[in-house]
Amino acid sequence: MKERALFNELSSSLTFSLVTPAWNTLPHFMKELIFYCKAQSWSNWELVIIDDASVEKDHLEVINGELERDERIIFIQSEVNRGISGARNKGIETATGDFIGFLDHDDLL
C-alpha cells in the first residue's frame, strides 16, 4: 500500500521529458514511438519531437495528428539541419520536465 501511495504522489509531481530528434523518419516508426510513450503507466511526461529539417515529410502527418490529441506532445520544426546533437540540444532547451530522457526516432519505450 505504501508503495502505491508513493507512486501516486510522485506521478502527480514529477515530469519526465523525452527528447526525440527526427530526420526522414518512416511514419510507422513515429506511430510506434508515440503509441508506446502514451501506453506508459507513468502519465506525467512530455514528448519533445524535433524535426531536423527532414527532406521526407510523411512522418509529419503522424506528428500533427497526435498534437491534436495529446497536449503532452511538443513539436519543433527546425528550418536548418543541425544534426542529431543540435536537434537534441534544441529539445533539451524546450523540455520542462524534472528529468530528461532520450529516445531516437526509431526507439520504443
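That block above? That's the structure.
Residues numbered from 1 in each chain as written. Predicted model: local features only at pLDDT ≥ 70, side-chain atom pairs only at ≥ 80, totals over all residues. Heavy atoms only, no water.

Trainee: Even after reading the chapter, I still don't get the side chain of Ser54, so can you show me in this structure?
Mentor: One can find Ser54 in the loop between strand S2 (45-52) and helix H3 (58-69). Ignoring anything within four residues of it in the chain, the contact list for Ser54 reads Ala22, Trp23, Asn24 and His59. (Helix = DSSP H or I, 4+ residues; strand = E, 2+ residues; numbered from the N terminus. Contact = heavy atoms within 4.5 Å.)

Trainee: Can you walk me through the pairing of S2 in this structure?
Mentor: Each regular strand shows side chains that alternate between the opposite faces of the sheet. Within S2, 8 of the 8 residues are buried, which leaves the element mostly enclosed by the surrounding structure. Residue alternation in S2 divides its side chains into two sets, Trp45, Leu47, Ile49 and Asp51 and Glu46, Val48, Ile50 and Asp52, and both sets are buried. Bridge count between strand S1 (residues 16-22) and S2: 7 bridges; the pairing is parallel. In the sheet register, Leu18 faces S2, and the bridge partner there is Leu47. (Buried < 20%, exposed > 50% of the residue type's maximum accessible area, 1.4 Å probe, protein only. Pairing = 2+ DSSP bridges.)

Trainee: Got a minute to help me understand the nonpolar core in this structure?
Mentor: If you look at soluble globular proteins, the nonpolar side chains tend to sit buried side by side. If you look at the biggest cluster of nonpolar residues, it comprises 14 residues, and the most contacted ones within it are Met30, Ile34, Leu47 and Ile49. At the level of secondary structure, the elements contributing two or more residues to this core comprise S1, helix H2 (27-38), S2 and H3. The element that contributes the greatest number of residues to this core is H2, accounting for 4 residues. The contact partners of Met30, leaving out residues within four places of it in the chain, are Ala22, Thr25, Ile49, His59, Val62, Ile63 and His105. Core analysis: the next-biggest nonpolar cluster, separate from the first, contains 6 residues, Val48, Ile76, Ala87 and Ala95 among them. (Core = buried A, V, L, I, M, F, W, Y, C linked by side-chain atoms within 4.5 Å.)

Trainee: So what exactly am I meant to see when it comes to the packing of aromatic side chains here?
Mentor: The description of an aromatic ring pair uses the distance of the two centres, along with the angle that the planes make with each other. Counted by the stated rule, this structure contains 3 aromatic pairs. Seen in terms of ring centroids, Phe16 and Trp42 are 5.6 Å apart; in terms of plane orientation they differ by 90°. Their pairing is edge-to-face. Placement of the pair is Phe16 in strand S1 and Trp42 in the loop between H2 and S2, with a sequence separation of 26 residues. For Trp42, a relative accessible area of 18% corresponds to the buried category. On the basis of an interplanar angle of 25° and a centroid distance of 5.1 Å, the ring pair of Phe16 and Phe99 is categorised as stacked. Taken as a pair, Phe16 in strand S1 and Phe99 in strand S4 (residues 99-102) lie far apart in primary sequence, 83 residues in all. Three or more aromatic residues joined by ring pairs make a cluster, and in this case those are Phe16, Trp42 and Phe99. It is Arg88 that lies over the ring of Phe102; its NZ or CZ is 5.0 Å from the centre. (Phe/Tyr/Trp six-rings, centres within 6.5 Å; stacked < 30°, edge-to-face > 60°. Lys NZ or Arg CZ within 6 Å of the ring centre and 35° of its normal.)

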